[in-house]
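Fold and contact review
Chain residues, written in single-letter form:
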Amino acid sequence: MLGDVAYDVSAIRKHFPALDEGAAHFDGPGGSQVPDVVGEAVGATLCSAISNRGAITPAERRADGIVREARQAVADLLAARPEGVVFGRSMTQVTYDFSRAIAKDWRAGDEVVVTRLDHDANIRPWVQAAEARGVTVRWADFDPSTGELPIDAVASLLSPKTRLVAVTAASNLLGTRPDIPAITAKAREAGALSYVDGVHLTPHSPVDVTELGADFYACSSYKFLGPHLGLLAAAPELLETLRPDKLVPSSDAVPERFELGTLPYEQLAGATAAIDFLAALVPAEGTRRERLLTSMAELEAHEEALRERLDAGLAELPRVIRYGSPDRRRTPTVLFSVEGVAPKAVYEHLARHGVNAPAATFYAIECSRHLGLGDTGAVRAGIAPYTTTEEVDRLVSAVAAL
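Remember, predicted model here, so these are calculated numbers, not experimental data.

**Comments concerning the overall build of the chain**
On a plain count of helices and strands, the chain comes out with 14 helices and 13 strands. A compact globule built from 402 residues should have a C-alpha radius of gyration of about 21 Å, and the chain, at 21 Å, falls within 12% of that. Dimensions along the principal axes, computed over C-alpha positions, put the chain at roughly 60 × 55 × 40 Å. Counting every position in the chain, which comprises 402 residues, the buried fraction comes to 55%. Of all intrachain contacts in the chain linking residues separated by at least 6 positions in sequence, the fraction that spans at least 24 positions is 68%. Total accessible area on the chain is roughly 16,200 Å²; 52% of this is exposed by carbon and sulfur atoms.

This is the structure in structure tokens:
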């Protein structure tokens with residue numbers, strides 16, 4: 001608890017019908033469970049009179065209102081500008097689209113920087129775009145013993161040839177949180193753009209894209225209690241400089257020029273509901289942005305306490321190997337393995353004990369390989385807004401029973 005505001009996890013859990021099955025969900029990093037209000041918003045939109053956006057009929061105005069509301073909600077969540085919010089099917093799809101648009105200005109001899117800490121969605125689109133344009137890829141390595149990405153690991157690769165730095169705000173495998181403001185400042189000094197993967201940070205911490213210094217910030221609403229939807233925030237002036245491939249009759253306005261086809265209105269409505277739910281995690285006054293800051297700070301404290309409990313519990317088990325540093329600032333994510341037991345077998349054992357904590361590389365393939373875990377990976381336990389102390393203890397007890 002911070003100050004006088006209490007985080008009531010029992011009251012929050014009542015809004016998640018999926019929890020009635022009884023499983024302890026540590027699989028949130030792959031997609032969180034969804035509160036009732038999000039499902040209701042999706043269903044109500046699907047069943048409402050709706051059409052393509054416009055200003056003539058009620059159906060047109062309803063569609064337009066849903067889009068505008070969603071852009072504003074995302075802007076409030078990220079401290080961004082609504083006219084700079086772009087929607088897509090997933091963060092991966094959005095990043096591929098932007099990699100192609102940004103790379104149009106690249107020339108042979110240019111360079112881009114990617115990191116081995118990242119999810120492949122913030123690596124492969126840039127590597128493939130670079131290959132197509134004859135551009136050199138520079139790889140920033142993290143310290144496998146701590147899971148940390150030093151600022152200099154990126155800064156030492158920068159030069160006047162650098163066009164873009166792609167870096168994660170938080171590792172989806174380890175929870176590591178690089179110093180993004182410092183890294184993006186170095187990129188800016190070199191004249192390069194920064195593309196920040198915020199998928200794993202956004203569900204767990206207050207976010208301000210300006211403070212992070214991110215030119216582009218991409219994330220996914222289904223990681224922060226919403227439906228499957230990707231989104232990106234950038235300054236509208238920067239978006240105006242990009243010319244993505246698009247259909248001739250589709251809008252050339254920003255941000256619409258980046259959104260291919262008709263937007264999924266029901267998912268946009270669900271994303272708005274999810275952001276409103278996050279803003280109401282604890283009682284607070286003020287604008288939605290102000291309430292989000294209060295709620296996300298309380299959520300971060302709640303999740304960090306549980307992460308410390310989980311780390312401490314696993315540390316007492318002699319055959320458990322944990323990856324990354326438990327003493328560094330990170331998201332509530334713990335990656336571990338058990339000596340003599342295959343990660344998949346640990347995953348299956350936990351499932352039999354009502355604990356959902358999967359094992360894999362989770363698309364952070366370069367990270368897993370750099371850790372020495374190859375293409376198998378390890379077991380990942382992620383704490384979410386609905387996680388309880390009892391569930392953490394259940395996970396530790398189940399691992400101890402192996």
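After presenting the structure, the write-up continues.
**Section: the nonpolar core**
Core analysis: the biggest nonpolar cluster contains 103 residues, and Leu78, Phe98, Trp106, Tyr195, Phe216 and Tyr217 have the highest contact counts within it. Take this core: its biggest share by element is ten residues, from helix H10 (residues 265–279). Residues contacting leucine 78, with those up to four places away along its chain left out, are Thr202, Val207, Asp208, Val209, Tyr217, Cys219, Leu231, Ala233 and Arg289. By size, the runner-up hydrophobic cluster in this structure holds 23 residues, among which are Leu306, Val334, Ile383 and Val396.

**Here's the deal with the sheet that holds strand S10 (residues 333–338)**
If you trace the four strands from one edge of the open sheet to the other, you get S9-S10-S13-S12, paired in antiparallel fashion. Looking along the sheet, the strands with just one partner apiece sit at the ends: strand S9 (320–323) and strand S12 (359–360). The sheet contact formed by S12 and strand S13 (residues 378–382) spans two bridges and is antiparallel. Looking at S13, one finds that alanine 360 is bridged to alanine 378. On the sheet, helix H12 (residues 343–352) packs against S10, S12 and S13 and is oriented at approximately 40° with respect to S13.

**Thoughts on the pattern of salt bridges**
Scanning all chains against the criterion turns up 31 salt bridges. Between glutamate 366 and arginine 116 there is a salt bridge whose closest N-O contact spans 3.3 Å. You can see glutamate 366 sitting in helix H13 (residues 365–370) and its partner arginine 116 sitting in the loop between strand S3 (111–115) and helix H5 (124–133), a full 250 residues away along the chain. Arginine 124 is paired through a salt bridge with aspartate 120; the nearest N and O atoms lie 2.7 Å apart. According to the relative accessible area criterion, aspartate 120 is buried, its value standing at 17%. Residues joined in a network through salt bridges with shared partners are Arg53, Asp64, Arg68, Arg71, Glu256 and Glu259.

**Here we look at the pairing of strand S2 (residues 85–88)**
Here S2 shows no split at all, with Val85 and Phe87 on one side and Val86 and Gly88 on the other all buried. Strand direction decides the pairing type here: S2 and strand S8 (residues 230–234), joined by four bridges, are antiparallel. Across the sheet, valine 86 pairs through a bridge with leucine 232, a residue of S8.

**Side note on the sheet that holds strand S7 (residues 216–220)**
The strand order across the open sheet built from seven strands is S2-S8-S7-S6-S5-S3-S4, with neighbouring strands paired in mixed fashion. If you trace the sheet from one side to the other, it starts and ends with S2 and strand S4 (136–140), each paired once. Here the strands of the sheet are splayed against their neighbours by 20° on average, with no regard to which way each runs. Across five bridges, S3 lies against S4 in parallel orientation. Each residue of the ladder has a partner; that of valine 112, found in S4, is valine 137.

**Overview of the packing of aromatic side chains**
Aromatic rings considered in pairs are described by the distance between their centres and by the relative angle of their planes. Applying the stated criterion to the full structure yields seven aromatic pairs. Relative to phenylalanine 258, the ring of phenylalanine 98 has its centre 4.9 Å away and its plane inclined at 15°; by these criteria the two rings are stacked. Of this pair, phenylalanine 98 sits in helix H4 (residues 91–103) while phenylalanine 258 is found in the loop between helix H9 (236–239) and H10, placing the two residues 160 residues apart along the sequence. In this structure an aromatic cluster arises from ring pairing among Phe98, Trp106, Trp126, Tyr195, Phe216 and Phe258.

**Thoughts on the side chain of arginine 289**
Relative to the assigned elements, arginine 289 resides in helix H11 (residues 288–315). With residues near it in sequence (within four places) discarded, arginine 289 still touches Asp76, Leu77, Leu78, Ala79, Val207 and Asp208.

**Let's talk about the packing of helix H3 (residues 58–78) against H11**
Across the interface, H3 lies against H11 with an axial gap of 8 Å and an inter-helix angle of 45°. Comparing the axis directions of H3 and H11 gives the class oblique. Considering only the axes of H3 and H11, their crossing is right-handed. Between H3 and H11, the contacting residues are Glu69, Gln72, Ala73, Asp76, Leu77 and Leu78 on the first element and Arg288, Arg289 and Leu292 on the second. Here the residues of the contact of H3 with H11 are counted per class, giving four nonpolar, one polar and four charged.

**Digging into the side chain of histidine 349**
With respect to the secondary-structure elements, histidine 349 resides in helix H12. Not counting the four nearest positions on each side in its chain, histidine 349 is found in contact with Ala398, Ala401 and Leu402.

**What to know about the packing of H3 against H10**
The interhelical angle for the contact between H3 and H10, taken along N-to-C directions, is 35°, at an axis separation of 9 Å. Judged by the sense of rotation from one axis to the other, the crossing of H3 with H10 is left-handed. Packed against H3, whose contacting residues are Ala63, Ile66, Val67, Glu69, Ala70, Ala73, Val74 and Leu77, the element H10 presents Tyr265, Leu268, Ala269, Thr272, Ile275 and Leu278 at the interface. Each residue belonging to the contact of H3 with H10 can be placed in one class, and the counts come to twelve nonpolar, one polar and one charged.

Calculation notes
- Residues numbered from 1 in each chain as written.
- Predicted model: local features only at pLDDT ≥ 70, side-chain atom pairs only at ≥ 80, totals over all residues.
- Heavy atoms only, no water.
- Helix = DSSP H or I, 4+ residues; strand = E, 2+ residues; numbered from the N terminus.
- Rg over C-alpha atoms; globule rule 2.2 N^0.38 Å.
- Buried < 20%, exposed > 50% of the residue type's maximum accessible area, 1.4 Å probe, protein only.
- Contact = heavy atoms within 4.5 Å.
- Areas by Shrake-Rupley, 256 points an atom, 1.4 Å probe, with all protein chains shown as cover.
- Core = buried A, V, L, I, M, F, W, Y, C linked by side-chain atoms within 4.5 Å.
- Pairing = 2+ DSSP bridges.
- Axes fitted to C-alpha atoms, helices over the stretch in contact; angles between N-to-C directions.
- Salt bridge = Lys/Arg side-chain N within 4 Å of Asp/Glu carboxyl O.
- Phe/Tyr/Trp six-rings, centres within 6.5 Å; stacked < 30°, edge-to-face > 60°.
- Parallel < 35°, antiparallel > 145°, perpendicular 65-115°, else oblique.
- Left-handed = near helix turned anticlockwise from the far one by under 90°.
- Nonpolar A, V, L, I, M, F, W, Y, C, P; charged D, E, K, R; others polar.

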